[in-house]
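Structural characterization, general
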Amino acid sequence: MLQFPLSVKTLFADGNHNAFPSACRFRNRLYLAFRSGTRHLTFDGVIRLMVSEDEGAHWRELETLRADGDLRDPRLAVISGALHLFSGMRTPLPAKQWRVETRHWISADGLRFREAALHGLCPGTFLWSIASRNHLHVGAGYLHDLRTGNQLATLYRSVDGIRWEHWLDLRTPGNETALAFGEDGALCGIIRNETPPYFLPTFFSISPGGRTKYHQMKLPLQGVMLQSAGRRFLVASRRWDAPGRRNLRCELFHCNRCGELSPLAILPSGGDCAYATAVKQSDGQLLLFYYSSHRHLFAAGTDGDPEHTLPADIFSVLLPNDGSTGAGDAGEPALCEFQTQQLR
């Protein structure tokens with residue numbers, strides 16, 4: 001069982017909009033990357049890359065990556081013995097539109113990064129998430145057609161993180177797709193659905209033999225993390241109350257192979273939030289990161305759009321196991337509140 005209460009630490013807060021974290025382990029170090037910009041939708045985003053050499057107890061900034069556009073939603077992945085960082089980039093177009101592409105940096109030692117071109121992605125593809133098993137690396141990309149407004153979620157495969165080949169177009173419209181391999185080798189994912197009013201995502205699984213199943217989920221989710229946790233998955237997601245989008249928050253769930261969710265916890269959060277990531281420590285505990293603007297929301301009162309106009313901070317929470325056990329293992333699932341702790 002998860003032990004509660006757990007402390008939540010503020011990892012990074014500087015008055016900007018800090019969001020969309022990605023974490024991984026490489027060469028006995030923990031790495032964390034996230035976007036930092038003036039606000040959620042401004043075109044000045046950079047990627048801050050931080051490193052910890054003591055399992056997340058202390059962090060230092062390693063590098064700040066910049067490009068000729070708005071970098072956002074970085075993804076860290078260890079592929080072929082190197083550390084890769086993928087990032088979406090927006091470039092503004094007329095009529096409040098923008099062009100999207102995927103930028104890529106690589107490091108052999110985890111300390112010095114160089115930009116490297118990607119091959120095989122359809123132009124305009126945002127490589128959103130990456131899941132790895134043995135020597136197979138699968139990326140979920142999405143393409144937004146500015147002419148039709150259609151969104152297409154596509155799976156790509158790679159062995160080196162540089163050359164990608166088209167694998168499968170997912171049969172349901174969607175954009176952000178979270179991926180994870182199950183313990184049996186099946187590739188599973190949650191596809192974000194932007195169709196109002198319910199925003200119900202789709203859960204899918206692809207067996208090692210290639211059989212694909214789709215399941216419509218029953219709760220609206222956005223900014224989803226999908227993490228393997230034994231026979232099931234750990235999910236972190238933005239949730240809200242109807243009607244409208246009241247009480248925005250980041251919640252944790254267990255998820256079975258049919259996309260059915262059992263609630264675990266509500267993290268301290270509010271307004272613009274979620275998009276979590278997690279990395280396992282050497283002792284097996286899971287260190288989870290997410291972002292939230294709740295402290296700025298409370299300070300601002302009810303003025304402004306809480307999702308797009310406020311700063312946001314990066315938080316971390318340590319789960320005392322890999323997320324495979326917890327509230328809800330026996331009987332009815334239980335919601336658990338977390339205590340908060342401000343880093344000094």
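The preceding data block contains the structure.
Values in this document were obtained by computation on a predicted structure and should not be read as measured data. (Residues numbered from 1 in each chain as written. Predicted model: local features only at pLDDT ≥ 70, side-chain atom pairs only at ≥ 80, totals over all residues. Heavy atoms only, no water.)

1. Points about the pairing of strand β13 (residues 164–169)
Pairing analysis gives 5 bridges linking strand β12 (residues 151–158) to β13, with the strands arranged antiparallel. The residue of β13 that forms the bridge with Ser-158 is Trp-164. Linking β12 back to β13 in an antiparallel pair, the connection comprises 5 residues, with Gly-161 at a positive phi of about 80°. (Pairing = 2+ DSSP bridges. Helix = DSSP H or I, 4+ residues; strand = E, 2+ residues; numbered from the N terminus.)

2. Here we look at the sheet that holds strand β4 (residues 46–52)
Across the sheet, which stays open at both edges, the 4 strands sit in the order β2-β3-β4-β5 with antiparallel pairing between neighbours. On the outer flanks of this sheet lie β2 (17–26) and β5 (60–65), each paired with one strand and no other. Averaged over all neighbouring strand pairs, the angle between strand axes comes to 25°, with direction disregarded. As paired elements, β4 and β5 share 5 bridges and run antiparallel to each other. The partner of Arg-48 across the bridge, within β5, is Thr-64. (Axes fitted to C-alpha atoms, helices over the stretch in contact; angles between N-to-C directions.)

3. Some thoughts on the environment of His-215
Of note, His-215 is situated in strand β17 (residues 212–216). Leaving out residues up to four positions away in the same chain, His-215 has contacts with Pro-201, Thr-202, Phe-203, Arg-257 and Cys-258. (Contact = heavy atoms within 4.5 Å.)

4. Concerning the side chain of Asp-272
Tracing the backbone shows Asp-272 in the loop between β21 (261–267) and β22 (273–280). Among the residues examined, Asp-272 registers a relative accessible area of 1% and is labelled buried. Within polar-contact distance, the side chain of Asp-272 engages the side chain of His-17 at 2.6 Å. For Asp-272, the side chain forms a polar contact with the side chain of Arg-238, separated by 3.1 Å. (Buried < 20%, exposed > 50% of the residue type's maximum accessible area, 1.4 Å probe, protein only. Polar contact = N/O pair within 3.5 Å; in protein donor to acceptor, adjacent residues only side chain to side chain.)

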